[in-house]
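Descriptive structure summary
Each chain is listed here by its residues.
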Amino acid sequence: MTLQQEIVGNAMQMAVVNLNPGQTVYCEAGKFLFKTTNVTMETRLSGPPGGGQQQGGGSGGSGMGGMLRQAMGTAMQVGQRALAGESLAFQYFTSQGGEGTVGFAGVLPGEMRALELNGTRAWFAEKDAFVAAESTVQFGIAFQGGRSGMSGGEGFVLEKFTGQGTVIIAGAGNFIDLNPADFGGRIEVDTGCLVAFEEGVQYGVQRIGGLNRQGLMNAVFGGEGLSLATLEGNGRVILQSLTIESLANALKKAQGGDKQGPTGGMFSTHAG
């Protein structure tokens, strides 16, 4: 069942979700805004059970063995989220005795987007993009391996959404939807501009130029550091117009502490 939701607002959007009786939606801790009194709220360390399936339909078993497997699975989920710097807990909202309403929002001024999963393609998103999803959507952590991950900064850890249903994400600034297939099969973006992309799009990181004069000029004066994110293939990509780093630098500069420094890029200062 598609989640009934409406995204409202402009500079700082929010999602207003209408729940059918018995329907459950969950969010990352800290993204909840309001709810009607007939909607219950429960905080858990675990994500939706059974790979996005409703409780009661899994085959995890009963007794001590089933409880141990469930505890180990929860510990693994929590450990992954802690390593990724994500919230350790989820909040679950279920409508009781009739329809209910819940409101959610991101943490930065910007847009929100509702993605519909049909079970055939997963979606990947940057850290902290997740806002809320119905209980048939499974939340996971995807680690980009070795070379591309360590070089990419923001791209080392990604949120992964699988299953069927609606997932709501948020970003900073305004969104633009692109498909690399419309631009010769490949696009290159600032690593902080990436919000989300469909499974089937290959994500990587490349160095900006070589270790030569122009490459050093890009890194020192261009404000981009040494790497760009690359996206290849045929699928939907969502980018944001504002990066967290640029917002933080603008706030620091307004307070008299220009974090970017006169050159920006790899020579940025980090004075508090």
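If you're wondering where the values come from, they're calculated on a predicted model, not measured in any experiment.

About the thresholds
- Residues numbered from 1 in each chain as written.
- Predicted model: local features only at pLDDT ≥ 70, side-chain atom pairs only at ≥ 80, totals over all residues.
- Heavy atoms only, no water.
- Pairing = 2+ DSSP bridges.
- Helix = DSSP H or I, 4+ residues; strand = E, 2+ residues; numbered from the N terminus.
- Axes fitted to C-alpha atoms, helices over the stretch in contact; angles between N-to-C directions.
- Phe/Tyr/Trp six-rings, centres within 6.5 Å; stacked < 30°, edge-to-face > 60°.
- Buried < 20%, exposed > 50% of the residue type's maximum accessible area, 1.4 Å probe, protein only.
- Lys NZ or Arg CZ within 6 Å of the ring centre and 35° of its normal.
- Contact = heavy atoms within 4.5 Å.
- Polar contact = N/O pair within 3.5 Å; in protein donor to acceptor, adjacent residues only side chain to side chain.

Details of the sheet that holds strand β17 (residues 227–233)
Two strands in a sheet stick together by hydrogen bonds in their backbones, pointing the same way (parallel) or opposite ways (antiparallel). Reading across from one edge, β14-β17-β16 is the order of the 3 strands in this open sheet, with antiparallel pairing throughout. Because the sheet does not close on itself, it has two edges, and the strands there are β14 (186–189) and β16 (201–207). Neighbour to neighbour, the strand axes of the sheet diverge by 25 degrees on average, direction disregarded.

Section: the sheet that holds strand β1 (residues 4–8)
Ordered by their spatial adjacency, 4 strands build an open sheet running β1-β2-β7-β4, and the pairing between neighbours is antiparallel. The sheet is open, and its two edges are formed by β1 and β4 (32–35), each paired on a single side. Direction aside, the axes of adjacent strands within the sheet are offset by 20 degrees on average. Pairing analysis gives 6 bridges linking strand β2 (residues 14–19) to strand β7 (residues 100–105), with the strands arranged antiparallel. Counted as the bridge partner of N18 is T101 from β7.

Thoughts on the packing of aromatic side chains
Within the structure shown, the criterion is met by 12 aromatic pairs. Pairing Y26 with F130 gives two aromatic rings, centres 5.6 Å apart and planes at 40 degrees, and the pair type is tilted. Here Y26 is found in strand β3 (residues 24–28), whereas its partner F130 is found in strand β10 (residues 130–134), with 104 residues between them in sequence. Residue Y26 is classed as buried on the basis of its relative accessible area, which comes to 0%. The exposure class of F130 is buried, given its relative accessible area of 0%. Ring geometry for F90 and F139: centres 5.3 Å apart, planes at 70 degrees, overall edge-to-face. Residue F90 is located in strand β6 (residues 90–95), and its partner F139 is located in strand β11 (residues 137–143); the two are separated by 49 residues in the primary sequence. The class for F139 is buried, based on a relative accessible area of 7%. In this arrangement the basic side chain of R44 is found over the ring face of Y92, its NZ or CZ atom lying 3.8 Å from the centre.

With respect to the pairing of β6
Within β6, 6 of the 6 residues are buried, leaving the element largely enclosed by the surrounding structure. Sheet topology places β3 next to β6; 5 bridges connect them, and they run antiparallel. Looking at β6, one finds that Y26 is bridged to Y92. As paired elements, strand β5 (residues 39–44) and β6 share 6 bridges and run antiparallel to each other. Looking at β6, one finds that M41 is bridged to F93.

Remarks on the side chain of Q91
Its location among the elements puts Q91 in strand β6. Dropping the residues within four chain positions of it, Q91 is found in contact with V25, Y26, C27, E28, A29, G30, F32, M41, E42 and T43.

Description of the side chain of E134
Summarising the element assignment, E134 is placed in strand β10. Among the polar contacts made by the side chain of E134, one reaches the main-chain amide nitrogen of T166 at a distance of 2.8 Å.

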